Each structure stands twice: as structure tokens, then as C-alpha cells.
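# Understanding the architecture of this molecule
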Amino acid sequence: MRSHYCGQLNTSLLDQKVELCGWVHRRRDHGGVIFIDLRDRAGLAQIVFDPDRPEPFSIADTVRNEYVVRITGQVRHRPEGTVNRDLATGEVEVLGHSIEILNRAKTPPFQLDDENVADDTRLRYRYIDLRRPQMQDNIRLRARVAKILRNFLDDHGFLEIETPMLTKATPEGARDYLVPSRTHPGAFFALPQSPQLFKQLLMMSGMDRYYQIVRCFRDEDLRADRQPEFTQLDIETSFMDEKQITAIMEEMFIKLFKDAINVNLPSPVPRMTYADAVHRFGTDHPDLCNPLELTEVSDLMKQVEFKVFSGPANMTNGRVAAMRVPKGGELTRKQIDDYTAYVANFGAKGLAYIKVNDAGKGREGLQSPILKFLPDEVIAELLKRSRAETGDLIFFGADKAKIVNDSLGALRNQIASDLTLLTSQWQPVWITDFPMFEYNEEERRWDSLHHPFTAPRVTDPAEVEADPGKCLSRAYDLVLNGTELGGGSVRIHTPEMQRTVLRLLGMGAEEAEEKFGFLINALDYGCPPHGGIAFGLDRMIMLMSGAPSIRDVIAFPKTQTANCPLTSAPAPASLKQLRELGIRLAKPGKTE
RNA sequence: GGAGUGGUAGUUCAGUUGGUUAGAAUGCUGCCCUGUCACGGCAGAGGUCGCGGGUUCGAGUCCCGUCCACUCCGCCA
């Protein structure tokens with residue numbers, strides 16, 4: 001049916017007869033001559049129809065945008081002065097000998113070159129949206145990324161192994177998607193949030209190295225970078241420690257970025273401890289393209305008369321931090337007010353600031369409502385630590401450490417974006433030395449920071465129990481430009497440690513047995529030391545393509561309320577289906 | 001669960017202090033046009049102003065409720 005792709009035409013094919021199939025991208029009718037831009041997966045080609053061939057000319061006269069046609073014709077050089085440098089195939093054109101309409105098309109609901117179409121319209125007609133070259137590029141990039149990753153892992157001895165989609169609900173973590181069992185009325189499968197336990201079991205099975213590009217499901221609210229079903233590159237290995245695992249993953253990423261988008265990531269990828277990241281950037285996934293940094297001033301503010309500062313400075317879990325914005329003195333009052341409202345989203349009660357009008361003049365060179373509360377020596381030290389210069393502005397956060405970190409961390413991103421402070425480089429960083437646990441004030445117990453199967457640094461369960469808050473884990477996250485690409489850890493591989501950790505998380509022996517008995521049993525039958533990592537493939541491709549939303553790199557994504565405008569899923573189930581499953585709805589009437 | 005922004009022609013948007021016939025661009029249809037490539041010219045069609053209620057002599061505009069989309073908080077081990 002087709003001899004070439006439209007986008008492949010070039011001067012090497014001059015005078016050749018070609019057959020092309022594709023969509024009418026645009027038709028330009030000059031009365032005496034008709035141009036058709038024909039589009040397929042590979043690109044555009046211009047077809048010319050002359051009136052001295054009346055039959056194809058009259059057919060070309062009737063086609064409209066998005067008609068699917070097959071044309072035959074002869075490749076020729078475009079006449080002098082009509083070469084289109086903007087088009088890959090712009091040196092040549094095809095003189096149309098015949099044109100066959102394979103299918104007509106209604107007028108599309110939006111123009112393919114309109115880059116400003118509402119998301120729900122795009123999703124309702126996703127099959128048209130996906131015809132756009134930008135979307136085709138994203139999908140192609142996705143396929144290329146998957147291929148490079150598979151090749152790399154295969155070359156390094158990893159086996160691609162599938163794990164169940166119908167599995168058991170996990171007690172912690174995200175909300176599960178449930179699937180009712182017909183053969184066990186009243187019982188439910190859960191769709192996997194990740195294949196975590198299965199991949200560990202595969203290590204216990206002696207598979208040694210596993211990977212899988214696998215769909216995962218979490219029934220939580222959506223974001224620009226979060227879908228309820230998403231794809232992970234899931235990896236696990238035996239007999240490797242965190243150094244070896246991160247080293248091989250780093251090698252994989254450097255190759256991926258080079259081969260897929262010709263970007264040279266730094267080698268080695270820098271490393272930063274969790275504590276450092278939180279102190280300097282207020283987050284465990286800092287964007288290192290962003291030059292702004294937090295300055296610790298808690299110790300300076302313990303004695304000051306300003307209670308807003310001295311209060312948190314003296315609290316055990318409080319923090320006072322400063323963030324210097326270079327040239328921030330130019331910010332208007334309204335901008336500062338907007339930032340104050342912005343940090344309120346994160347629980348901050350206010351946003352104090354000092355304008356540095358003249359850094360050399362000490363107190364006299366500064367301007368701020370809070371100046372009168374601060375002694376000279378505090379001011380001097382503050383200017384020194386933050387390296388303030390004339391024309392800068394210094395913001396302050398003072399509250400519980402979490403609120404200070406969240407608000408200044410978010411403000412840091414916002415300001416960098418507003419003032420275009422971001423360097424356009426690629427900045428990966430490994431975050432290491434995570435705490436094992438964080439204390440859950442509401443439920444008054446410890447929560448895993450990573451997950452309950454992450455190994456602690458220490459090997460003696462008694463040491464973990466002695467002071468869980470001080471305990472560091474063997475987890476690591478890979479962060480790229482402020483986005484958490486993935487994370488993993490060396491796992492617990494002894495039943496004693498696993499029982500201890502589950503107990504610390506508030507799980508009784510019986511409950512642990514019921515929920516994770518199969519895992520703990522398996523640990524008893526010869527479990528190798530093992531560890532692994534999982535990467536969010538969608539986010540990875542979103543970053544690599546520069547797409548603003550994860551939806552732009554998923555062929556058929558969901559909206560923010562997790563429905564699909566194309567298929568209208570989810571939809572009510574029929575009474576018959578429900579009856580077979582032994583399910584009665586609490587609110588009747590919502591069936592078909 | 002919460003905050004914000006938006007919903008008006010197929011699409012993207014404008015619509016003043018509530019006031020006569022709701023506009024623009026683009027797309028679409030027809031006619032004209034032999035070198036365009038966002039072709040051009042002329043003419044034309046196209047609207048439950050998201051939905052429901054209320055205030056008013058009168059509502060796209062004000063109020064209440066509701067639905068949808070997006071961004072964010074919570075949530076996402």
C-alpha cells in the first residue's frame with residue numbers, strides 16, 4: 001500500500017515513483033493548483049495536483065483535513081524559490097498522479113496545530129490529540145527509553161519477570177484499588193501498589209537479578225505528576241550493597257540520557273545526605289538547578305525579643321531559617337504579599353523579610369519591620385552567614401521545622417521560577433542516609449520513611465529498638481531537577497530484624513503474621529542479602545521530554561478525578577455482574 | 001476532605017456600573033484564485049452563555065447550590 005513514509009522523502013528519491021498513505025494535514029487550493037500536506041508518523045510531505053491531470057485534481061478538490069488518503073506520484077525538486085527550509089522534506093514535493101480517499105473525516109474538534117486546547121477536550125478525542133507531532137514525539141521517546149533500559153538491564157544479567165496484577169491488599173501505604181473475587185464471594189484482590197514483596201521473593205528464589213516495566217496502582221488524589229495507574233521500572237538484585245546498586249543504576253541513567261536525548265549527566269552523580277538536603281533546601285528532593293539556599297539561624301534567634309523567632313528557635317522541633325534572594329530588593333510589596341499568601345498554603349503564619357539596601361552599612365543599610373527586634377551582633381552574623389549583598393532580600397521562616405522546610409522549600413522553587421533563576425542544566429543527585437522512621441504524632445507511633453522492608457544501618461535489632469528516631473536506613477533516592485525519579489534500599493533479610501521493624505511500626509505479632517507471614521516465612525528459608533530500586537517511568541519521560549504534565553507522556557491518561565473522558569470509565573456495573581460478585585451497593589440506583 | 005482559577009460559537013477567548021440584536025480570532029461551508037506552505041480575496045452559516053434554583057421590570061453579568069476541567073494543600077509506606 002505504501003512505499004515510503006511521508007517524512008522520509010528527500011532528494012535521494014528524485015524522479016522516483018512513490019506511494020504514500022496518511023492524513024491530509026492541510027490543503028491549499030489555488031484554483032489552478034492544489035497543494036496537500038500529507039502527514040504520517042514520520043512527518044509531512046507536500047503533494048501537488050495539477051489541473052492537466054483532471055481526475056486526481058478533482059478528487060484532491062474534495063478532500064478535507066484529516067481525510068485518510070493514499071496517493072501515488074513522482075518525487076521532484078521544488079521549483080527555484082519555493083523550497084521550504086522549515087520542513088524536513090521541504091526540498092522536494094510529489095507530483096500527484098493518483099489519489100484515493102481511504103476514509104473521509106468529520107471536521108476535527110480542534111486544530112492539530114493549536115497548542116492551547118483544554119485537557120478534557122484533548123482527552124475526549126485522544127486519538128486525534130495523539131496525531132499531533134509533539135505527542136507522537138513523546139510516545140516515541142517513551143518507547144525508546146523503555147528499549148534502552150531493557151537492553152541495558154538485559155546486558156547486565158537482569159531477568160524480566162512478571163508479577164501478579166491480582167494480589168493482596170497491603171495494610172500501609174496508599175489506598176488500594178480493589179477487585180472483587182467471584183469465586184470467593186466477599187473477598188477482594190488488590191491491584192499492586194508496586195511489586196515490592198514479589199521482587200523480594202524472587203531474590204529468595206535465587207533469580208539474582210530482576211527487572212520489570214510494570215504498571216502500579218494507587219488510589220490517591222492526582223497531581224500534574226501523578227496518575228492513579230503509573231509505570232515503574234522495578235529492579236532488585238541479590239548480593240549487592242547500596243554502593244554497588246546505586247553505581248550500576250547511575251551507569252544506566254547516564255547511558256539512558258546520552259542515548260535517548262543526548263544529554264551528558266554528571267559522572268559520578270553527586271550525593272547528599274537527607275539531613276543536608278533538608279537543612280539547605282527544605283526538602284529531600286531538591287532542585288540543584290536552583291541557586292537559592294536556606295541559611296540556618298535558629299541558634300542566632302534563641303535570645304532575641306521577637307517571640308515569632310525566639311519561640312521556634314527554642315522548640316525542640318522548631319526551626320528558624322533565612323533564605324537570601326539575590327536582587328530580591330526589587331520585589332514589589334504586592335509580590336511579597338503574594339508570597340506570604342503562598343507560604344500560608346504550607347502552614348506558615350507569616351513571611352518576615354529584610355531588604356538589604358546597602359550591605360556595607362550594617363543596620364542602617366537594612367529595611368524591615370522586624371529590624372528593631374534584632375541586636376546588632378545577630379544582624380551582623382545573619383548578613384555574614386547568608387552572604388547578603390546590596391540589593392538582596394532575605395526571607396524568614398520560623399515555626400515547627402516541618403512548616404519552615406515545607407514553606408521555604410516551596411517558596412524557593414516558586415521564586416526561582418518567577419525570577420528565572422534556574423540554570424537550564426540537568427542536575428541529578430542521590431539522597432542518602434534517610435532516617436528509618438519518623439514519629440507520627442497523631443497515631444503516636446513510628447512510621448517508615450521508606451517502607452517496612454528497608455534495612456537499617458545497624459544489624460542488631462536491639463539497637464534499632466533502643467532509639468528508633470536516631471536510626472538511619474540503607475535507602476537512597478535519585479532526584480533529578482527537583483523531581484524524585486525513584487528510590488530504593490537494601491532490604492531486611494533476617495526474620496528477626498523484620499519482626500522488630502514491624503513491631504516498632506505498631507504491628508502486633510499476630511497482625512504481622514497475617515499480613516506478611518509469607519514474607520517472614522520466606523526469610524527463614526535462606527534469604528540472600530538483597531536490595532533494589534524503582535523508578536517512575538512516566539515522570540522520567542516527562543522530564544526528558546519537557547512535558548508540563550505526566551498526562552502528556554501517557555497515551556490514555558486519567559483526569560484529576562481519575563476518570564477517562566474517552567471511554568467514560570469508571571462506569572456503573574450491571575446488576576447481573578454485581579450479583580455474581582456478591583456485591584450490593586450502599587446507594588442503590590447507580591447501576592445500569 | 002480543603003484552597004484557588006476557569007466553564008460564553010467546533011476551538012481559543014473578549015463581554016464595561018445588571019439594560020436593545022452576545023462579539024473577535026481561528027476553524028467550517030460556498031464562490032474566486034496556477035507556486036503555496038498558518039496561501040490569499042469575497043460571502044455565509046454557526047450560541048441550551050456548564051446545570052439547577054434565587055434576587056430583579058430585566059441576569060452571560062449579582063446570590064445560593066451543583067457538576068466538570070486544571071493547579072495546589074491534605075493524601076501518595
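Remember, it's a predicted structure, so these values are computed and weren't measured experimentally.

This part is about helix α11 (residues 401–418). Helical periodicity: at 3.6 residues per turn, an α-helix aligns residues three or four positions apart in one direction. With 18 residues, α11 extends 25 Å between its outermost C-alpha atoms, agreeing within 8% with the 26 Å of an ideal straight helix rising 1.5 Å per residue. For α11, every residue scored as buried is listed here: I403, V404, N405, S407, L408, G409, A410, L411, R412, I415 and A416. T420 sits one or two residues past α11 and shows a positive phi near 45 degrees.

Scanning the entire structure with this criterion turns up 43 salt bridges. R122 is paired through a salt bridge with D129; the nearest N and O atoms lie 3.0 Å apart. You can call D129 buried: its relative accessible area is 0%. Across the salt bridge formed by K558 and E229, the nearest N and O atoms sit 3.0 Å from each other. Of this pair, K558 sits in the loop between α15 (537–545) and α16 (575–581) while E229 sits in strand β10 (residues 229–238), placing them 329 residues apart in sequence. Residue K558 is classed as buried on the basis of its relative accessible area of 18%. Since its relative accessible area comes to 23%, E229 is described here as partly exposed.

This next bit is on the protein's contact with RNA strand B. Near RNA strand B, the surroundings consist of 51 residues, among which R26, D29, T82, E93 and H450 are the closest. Within 4 Å of the protein, the atoms of RNA strand B are drawn from sugar and phosphate moieties in a proportion of 52%. At 2.5 Å, a backbone N or O of D29 approaches a base nitrogen of RNA strand B. Interatomic distance of 3.5 Å between a backbone N/O atom of L449 and a sugar or linking oxygen of RNA strand B. Of all the elements in the fold, those that place two or more residues in the surface near RNA strand B are β1 (17–29), β2 (34–40) and α2 (119–124). Ranked by residues supplied to the surface near RNA strand B, first place goes to β1 with three residues. Residue classes in the surface near RNA strand B are distributed as 13 nonpolar, 21 polar and 17 charged.

Next up on the list: the side chain of R132. When you line up the elements, R132 lands in the loop between α3 (126–129) and α4 (133–155). Reaching out from R132, the side chain makes a polar contact with the backbone oxygen of L112 at a distance of 3.4 Å. The residues contacting R132, other than those within four sequence positions of it, are F110, L112, D114, E115 and R122.

Moving on: the sheet that holds strand β16 (residues 393–400). Hydrogen bonds between backbone atoms are what pair the strands of a sheet, whose relative direction is either parallel or antiparallel. If you trace the five strands from one edge of the open sheet to the other, you get β12-β13-β16-β14-β15, paired in antiparallel fashion. If you trace the sheet from one side to the other, it starts and ends with β12 (294–296) and β15 (366–367), each paired once. Inspection of the sheet shows strand β13 (residues 318–325) paired to β16 by eight bridges, in the antiparallel sense. Note that in β16 the partner of G318 across the bridge is K400.

Turning our eyes to something else, we now look at the sheet that holds strand β20 (residues 475–480). Judged by pairing direction, the sheet is mixed, and its eight strands sit side by side in the order β6-β9-β10-β22-β21-β20-β17-β11 without closing on themselves. Across the chains shown, the open sheet's two edge strands, defined by having one partner strand only, are β6 (159–160) and β11 (271–273). Where strand β9 (residues 209–217) lies against β10, nine bridges are found, and the strand directions are antiparallel. Counted as the bridge partner of I213 is L233 from β10. Sitting on the sheet, helix α6 (residues 242–261) touches β9, β10, β11, β17 (428–432), β20, β21 (483–490) and β22 (530–536), and the angle it makes with β22 is about 30 degrees.

The next subject is the confidence of the model for chain A. Taken residue by residue, chain A gives an average pLDDT of 94. The fraction at 70 or more is 99%. Long-range and interchain partners of residues 588–592, a stretch whose pLDDT sits below 50, account for ten contacts in this model, where long-range means more than four residues apart. Here the predicted complex carries an ipTM of 0.93, next to a pTM of 0.94.

As a further point, take α15. Burial runs high along α15: seven of the nine residues are buried. If you check which residues of α15 are buried, you get L537, D538, M540, I541, M542, L543 and M544. Two residues or fewer after α15 comes G546, characterised by a positive phi angle close to 75 degrees.

Moving on, we come to the packing of helix α9 (residues 333–344) against α11. The interhelical angle for the contact between α9 and α11, taken along N-to-C directions, is 140 degrees, at an axis separation of 9 Å. One element, α9, and the other, α11, form an angle in the oblique class. The hand of the α9/α11 crossing is right-handed. Contact residues: Y339, Y342 and V343 in α9; S407, A410, L411, Q414, I415 and D418 in α11. In terms of residue class, the contact of α9 with α11 is made up of six nonpolar, two polar and one charged.

A separate point is the packing of aromatic side chains. One pass over the full model with this rule turns up 14 aromatic pairs. Seen from their ring centres, Y125 and Y127 are 6.3 Å apart, and the 75 degrees between their planes marks the pair as edge-to-face. Here Y127 falls in the partly exposed class, since its relative accessible area comes to 45%. Taken together through their ring pairs, the aromatic side chains of F253, F257, W426 and F535 make up a single cluster.

Moving on: the packing of helix α5 (residues 196–204) against helix α14 (residues 509–523). For the pair α5 and α14, the least separation of the axes is 10 Å and the interaxial angle reads 20 degrees. Accordingly, the angle class assigned to the pair α5 and α14 is roughly parallel. In this structure, α5 crosses over α14, and the sense of that crossing is left-handed. From α5, L197, Q200, L201 and M204 reach across to α14, where they touch F516, F518, L519, A522 and L523. Partitioned by chemical class, the residues of the contact of α5 with α14 number eight nonpolar, one polar and no charged.

A contiguous nonpolar surface patch, about 240 Å² in accessible area, is contributed by M165, L166 and F189. The residue M165 is located in the loop between β6 and β7 (178–180) in this model.

Take R551: it is sitting in the loop between α15 and α16. For R551, a relative accessible area of 18% translates into the label buried. If we skip the residues at most four places from it in the chain, R551 touches D119, R126, M135, R223, Q227, P557 and K558.

Reading guide: rules and limits
- Residues numbered from 1 in each chain as written.
- Chains lettered and ligands numbered in written order.
- Predicted model: local features only at pLDDT ≥ 70, side-chain atom pairs only at ≥ 80, totals over all residues.
- Heavy atoms only, no water.
- Helix = DSSP H or I, 4+ residues; strand = E, 2+ residues; numbered from the N terminus.
- Expected span 1.5 Å × (residues − 1).
- Buried < 20%, exposed > 50% of the residue type's maximum accessible area, 1.4 Å probe, protein only.
- Salt bridge = Lys/Arg side-chain N within 4 Å of Asp/Glu carboxyl O.
- Near = heavy atom within 4 Å.
- Polar contact = N/O pair within 3.5 Å; in protein donor to acceptor, adjacent residues only side chain to side chain.
- Nonpolar A, V, L, I, M, F, W, Y, C, P; charged D, E, K, R; others polar.
- Contact = heavy atoms within 4.5 Å.
- Pairing = 2+ DSSP bridges.
- Axes fitted to C-alpha atoms, helices over the stretch in contact; angles between N-to-C directions.
- pLDDT = per-residue confidence, 0-100.
- Parallel < 35°, antiparallel > 145°, perpendicular 65-115°, else oblique.
- Left-handed = near helix turned anticlockwise from the far one by under 90°.
- Phe/Tyr/Trp six-rings, centres within 6.5 Å; stacked < 30°, edge-to-face > 60°.
- Patch = residues over 30% accessible without salt bridge, like charges linked within 9 Å, V, L, I, M, F, W, Y side chains within 5 Å.
- Areas by Shrake-Rupley, 256 points an atom, 1.4 Å probe, with all protein chains shown as cover.

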